[in-house]
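Survey of secondary and tertiary structure
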Number of protein chains: 2
Amino acid sequence: MSAKKVVIVGGGFAGLKAARALGNKDEVSVTLIDRRNYHLFQPLLYQVATAGLSPAEISGPIRGLLSKYQNIAVFLDNVKAVDLTKRRLEVSDRSVEYDYLILACGAKHSYFAHPEWEENAPGLKTLEQATEIRRRLLIAFELAEKEEDPEKQKQHLTFVIVGGGPTGVELAGAIAEISRHTLTEDFRRIDPSRTRVLLIEAGKRILAAFDESLSRKAARDLEDLGVQIWTNTRVTDVKATSVVLGDEVVKASTILWAAGVQPSSLNKTLGVPLDPGGRVIIEKDLSLKEHKEVFVLGDQACYIATDGKPLPGLASVAMQQGEHAATEILQEIHGKPRSEFRYRDKGQMATIGRRKAIAQIHRLKFSGFFAWLLWLFIHVYYLIGFKNKVFVIWQWAYAYFTFKRGARLIVDKEWRSQSKSS
Amino acid sequence: MSAKKVVIVGGGFAGLKAARALGNKDEVSVTLIDRRNYHLFQPLLYQVATAGLSPAEISGPIRGLLSKYQNIAVFLDNVKAVDLTKRRLEVSDRSVEYDYLILACGAKHSYFAHPEWEENAPGLKTLEQATEIRRRLLIAFELAEKEEDPEKQKQHLTFVIVGGGPTGVELAGAIAEISRHTLTEDFRRIDPSRTRVLLIEAGKRILAAFDESLSRKAARDLEDLGVQIWTNTRVTDVKATSVVLGDEVVKASTILWAAGVQPSSLNKTLGVPLDPGGRVIIEKDLSLKEHKEVFVLGDQACYIATDGKPLPGLASVAMQQGEHAATEILQEIHGKPRSEFRYRDKGQMATIGRRKAIAQIHRLKFSGFFAWLLWLFIHVYYLIGFKNKVFVIWQWAYAYFTFKRGARLIVDKEWRSQSKSS
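Everything quoted here is computed from the prediction, not taken from an experiment.

Quick notes on the rules
- Residues numbered from 1 in each chain as written.
- Chains lettered and ligands numbered in written order.
- Predicted model: local features only at pLDDT ≥ 70, side-chain atom pairs only at ≥ 80, totals over all residues.
- Heavy atoms only, no water.
- Phe/Tyr/Trp six-rings, centres within 6.5 Å; stacked < 30°, edge-to-face > 60°.
- Lys NZ or Arg CZ within 6 Å of the ring centre and 35° of its normal.
- Salt bridge = Lys/Arg side-chain N within 4 Å of Asp/Glu carboxyl O.
- Helix = DSSP H or I, 4+ residues; strand = E, 2+ residues; numbered from the N terminus.
- Buried < 20%, exposed > 50% of the residue type's maximum accessible area, 1.4 Å probe, protein only.
- Patch = residues over 30% accessible without salt bridge, like charges linked within 9 Å, V, L, I, M, F, W, Y side chains within 5 Å.
- Areas by Shrake-Rupley, 256 points an atom, 1.4 Å probe, with all protein chains shown as cover.
- Lys, Arg positive; Asp, Glu negative; His and termini not counted.
- Charge placed at Lys NZ, Arg CZ, Asp CG, Glu CD.
- Contact = heavy atoms within 4.5 Å.
- Nonpolar A, V, L, I, M, F, W, Y, C, P; charged D, E, K, R; others polar.
- Expected span 1.5 Å × (residues − 1).
- Arc of directions from axis to C-beta.
- Pairing = 2+ DSSP bridges.
- Right-handed = clockwise from strand over helix to strand, strands pointing away.
- Least-squares fit on C-alpha atoms with pLDDT ≥ 70 in both.
- Axes fitted to C-alpha atoms, helices over the stretch in contact; angles between N-to-C directions.
- Left-handed = near helix turned anticlockwise from the far one by under 90°.

**Considerations on the packing of aromatic side chains**
Residue and element names in this part refer to chain B. For the coordinates displayed, the defined rule picks out 18 aromatic pairs over all chains. Sitting over the ring of Phe75, Arg94 keeps its end group 4.9 Å from the ring centre. A cation sits over an aromatic face here: Arg355 above Phe369, 4.3 Å from the ring centre.

Structure follows, in structure tokens:
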């Protein structure tokens, strides 16, 4: 029996887990395709955006992570189209055939039909975006220090975060903390602790996916750090230096977007049923109804759980789905029937600054310092690759005891020296 | 007596040292202006370019490094012009007056009247350039893995480094090592150890600033790593995928520039005598002949030592000059006369790969593993800021024992998601 060709698109939590589960299995020959050469530990991306960690500390080269599996080849490439009928992918300059296909391309930010807002309010999904946010944050303090006009100074020291989900909360908490602890000694003309951090949420409370008591706890912790939370507030326009909220206008040099995601644009080209958010509706075994050989996983898919609700966009969902899809493929090769995916709820958590967090696992609810320790432990445990773990622990221990942040670099987009003055 | 206004332009080795020497001295009120918000430890920049270290590990925010000195203010700004007569600097949107001025703006790469070569052959002076070089290095292996045409594959696996000074040698050694050790297990279709690394030197030997026996030793060590050294070879054109060497042409996807530097373009606007390389010719006390209140330091200046030769562009020269200029200012405020700068030769060194180096201190010459340990010790010792030291030691220990490299990220220049397919 010759090995079945399995193609995995995407080296995120779902794709990587699937690849590892298929690694060194003689039944399959695996090709993993990603636009990036690295796996990104997205839950810690906000730490890069807020100068706590370096990009390399929350990511690892996909090749290196899979090098011990001789049956896996990794390619850096863009998937342009999927031909479900011919079982073939179009990549940049050739086509790749498959017996089984695992699509796990993830999601990017959605600006609700206002793509022009992105320039003024970057989202936080990629390392490039995290570095851009870090650049904007640090530049804002620098501009404020130079500014003579008090109105403009206030504008430079105003940070608006749109979206009160975990990412928005983590960004707001970290920015407040930087301004109140990290930077206090570093400026002569401004007082960084006068920084205004606004967290804008369209719904009636932040962290709506959590129990109401935890959401209230988180709001109080954020307020302690100096973050102001504006709920029931809808953003109607995002300009270069201001955000419009219906009749209100807030001047801010830094506006960050953490409100809503949309799946890979590949979905629209597949010709399969999508949910209102654009995600592929998948069967109980995670495959496509008309194409059982194709699995769609993680943020790219919508899986309706037994309670009738779609599963949330969490790393634990993606990882379990990756594992399940790999098992389905191996079992089918051995003539076994498909089985249903069952999500084992690992709970969810969000961190608020330096020693506060909230966590919810089934009916258990935690908050405060203990939840933060739990958050720390779980995130470090899952950070893939031994080296990164030790690094991140060290960085955190250092930041915890000194309030310093290790990665306060404003890095330019342009590398050529000739186009610059000096 | 009111404090004298001292303005320092540039937060490199010279500027930072001068600032620290003036820190918390009541006689002076200091303003440090830099285009960047960080001090960069340039001797280790090649490690960032070759995926060994992260940008944040070899740099520290200037503000943080100087925050304990209450009399120093730091501004992120571009100096557009210096009015020596009016003792005034023009920065982006205002002017800054001074009683004393310290110019320490450093140098950038020189393409010998061929600025158009930069696009095809980046130099290594800034973090942005280091990240760009890292991107090109890693992309080249990815492209080779996908390539079907053996000629093109060979082109992708050819790395040409122009310039056989310490930077060129360090880059060539590190690239050879990556291809022969770090990446060997990670590819399925190519053999990274088939990589061709070419070091091009116009002169008759590499590392011409060193004793001839050390230069020969270094050449042998590089050859052991698989680097081919082409001396007496002049680059006549640099194209996108090839380098022209008189009658010869070498196809290469990655061409790096480490041949020659030029000082800050501010020099031409000063109206003071420059040496043929464009550096400001300074007096024995490091000041300008017609403007004793202006000091020019480091790579921006040309200081003729007692032996009649200009001092080399080394960190130790810059640091000693920074210290000297600060002392001169403080002494003059107390009515003391100027004194001559004397360079205490700390020697020079270059490293070749994972455990080889050469070092020359006065008449002492070292090579091999001992020189490498010396190199390691000195570089770690001088890395400014405790945290970075521990980090770098850890990274190196890790890389040394595992041959892995921690920062193998291909990071894009574009951060916006909307302009990308996904």
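**What about the pattern of salt bridges?**
This structure, assessed with the given rule, holds 37 salt bridges over all chains. Two residues, A:Arg87 and A:Glu293, come together in a salt bridge whose shortest N-O distance is 3.3 Å. In this pair, A:Arg87 sits in the loop between β6 (79-83) and β7 (88-91) while A:Glu293 sits in the loop between β19 (280-281) and β20 (294-296), placing the two residues 206 residues apart along the sequence. Relative accessible area serves as the criterion here: at 9%, A:Glu293 is assigned to the buried category. Between A:Asp285 and A:Arg338 there is a salt bridge, with the nearest N and O atoms lying 2.9 Å from each other. Of this pair, A:Asp285 sits in the loop between β19 and β20 while A:Arg338 is found in the loop between α8 (315-333) and β22 (348-351), placing the two residues 53 residues apart along the sequence. A:Asp285 sits in the buried class, given a relative accessible area of 4%. One salt-bridge network, held together by shared partners, links A:Asp77, A:Asp93, A:Arg94 and B:Lys146.

**Here we look at helix α1 (residues 13-22) of chain B**
All names here are of chain B. Summarising burial for α1: eight of the 10 residues are buried, a large majority. Considered for burial, the residues of α1 that qualify are Phe13, Ala14, Gly15, Leu16, Ala18, Ala19, Ala21 and Leu22. Taken from the residues just after α1, Asn24 is the one with a positive phi, measuring 60 degrees.

**Side note on a positive patch on the surface**
Taken together, the side chains of A:Lys17, A:Arg20, A:Lys68, A:Arg344 and A:Lys346 define a basic patch exposed on the protein surface. Considering the arrangement of structural elements, one finds A:Arg20 in helix α1 (residues 13-22).

**What to know about the interface of chain B and chain A**
Taken together, the contact pairs 74 residues of chain B with 75 residues of chain A. At the boundary of chain B with chain A, the tally comes to four salt bridges. Its salt-bridge partner being B:Arg63, residue A:Glu142 comes within 2.7 Å of it at the nearest N-O pair. If you tally residues by element for the side of chain B that touches chain A, the top one is helix α4 (residues 127-146) of chain B, at 10 residues. Within the side of chain B that touches chain A, the residues separate by chemical class into 29 nonpolar, 19 polar and 26 charged.

**Points about helix α9 (residues 368-382) of chain B**
All names here are of chain B. Taking 1.5 Å of rise per residue, the 15 residues of α9 would be expected to cover 21 Å, and the 21 Å separating its terminal C-alpha atoms lies within 8% of that figure. If you check which residues of α9 are buried, you get Gly368, Ala371, Trp372, Trp375, Leu376, His379 and Val380. Angular distribution of buried residues about the axis of α9 spans 160 degrees; they occupy a single face of the element. Of the exposed residues in α9, the ones pointing more than 90 degrees away from its buried face are Phe377 and Tyr381.

**Comments concerning the pairing of strand β1 (residues 4-9) of chain B**
Residues and elements named next belong to chain B. Relative to strand β2 (residues 28-34), β1 is paired through six bridges, and the arrangement is parallel. Bridging from a neighbouring strand, Val6 pairs with Val30 of β2. Running through α1, the crossover from β1 to the neighbouring parallel element β2 is right-handed.

**Some thoughts on the relation of the copies chain B and chain A**
Of the transformation placing chain B onto chain A, the axial shift is 0.0 Å and the rotation is 180 degrees, giving an RMSD of 0.0 Å. Interpreted geometrically, this transformation is the action of a two-fold axis. Residues of chain B ranked by C-alpha distance from the rotation axis are headed by B:Lys413, positioned 3.0 Å from it. An overlap of 100% is found between the interface residues of chain B and their copies at the interface of chain A, pointing to a shared contact surface.

**Here's the deal with the pairing of strand β15 (residues 242-245) of chain B**
Residue and element names in this part refer to chain B. Here β15 shows two buried faces, one formed by Ser242 and Val244 and the other by Val243 and Leu245. Pairing of strand β14 (residues 237-238) with β15, which is carried by two bridges, proceeds in the antiparallel orientation. Paired with Asp237 across the two strands is Val244, which belongs to β15. Hairpin remark: β14 followed by β15, antiparallel, with three residues in the connecting loop. For β15 and strand β16 (residues 248-251), the ladder comprises four bridges, and the chain directions are antiparallel. For Ser242, the partnering residue across the bridge sits in β16 and is Lys251. A loop of two residues connects β15 with β16, the two strands running antiparallel in sequence, and Gly246 in this loop sits at a positive phi of about 60 degrees.

**What about a nonpolar patch on the surface?**
There is a patch of nonpolar side chains on the surface, built from A:Phe377, A:Tyr381 and A:Tyr382 and spanning about 360 Å² of accessible area. The residue A:Tyr382 is located in helix α9 (residues 368-382) in this model.

**A few points about the packing of α1(B) against helix α8 (residues 315-333) of chain B**
When two helices pack together, their arrangement is given by the angle between their axes and by how far apart the axes lie. Residues and elements named next belong to chain B. Between α1 and α8, the least distance of the axes is 7 Å, while the angle of their chain directions is 35 degrees. Here α1 and α8 pass one another in a crossing that is right-handed. For the pair formed by α1 and α8, the contact residues are Phe13, Ala14, Lys17, Ala18, Ala21 and Leu22 on the first element and Ala315, Ala318, Met319, Gly322, Glu323, Ala326 and Leu330 on the second. For the contact of α1 with α8, a count of residues per class yields 10 nonpolar, one polar and two charged.

**A short note on the sheet that holds strand β24 (residues 364-367) of chain B**
Residues and elements named next belong to chain B. Strands sit in the order β22-β23-β24 across an open sheet of three strands; the sheet is antiparallel. Two strands bound the open sheet, and with one partner strand each, they are β22 (348-352) and β24. Neighbour-to-neighbour, the strand axes of this sheet turn through a mean angle of 5 degrees, independent of strand direction. Pairing between strand β23 (residues 356-361) and β24: four bridges, direction antiparallel. Following the sheet pairing, Ala359 is matched in β24 by Phe366. Its contacts with the sheet put α9 on β22, β23 and β24, and the angle it makes with β23 is roughly 75 degrees.

**Examining the sheet that holds strand β15 (residues 242-245) of chain A**
Read from one edge of the open sheet, three strands run β14-β15-β16 (chain A), paired in antiparallel fashion. Every interior strand has two partners, whereas the edge strands, β14 (237-238) and β16 (248-251) of chain A, have only one.

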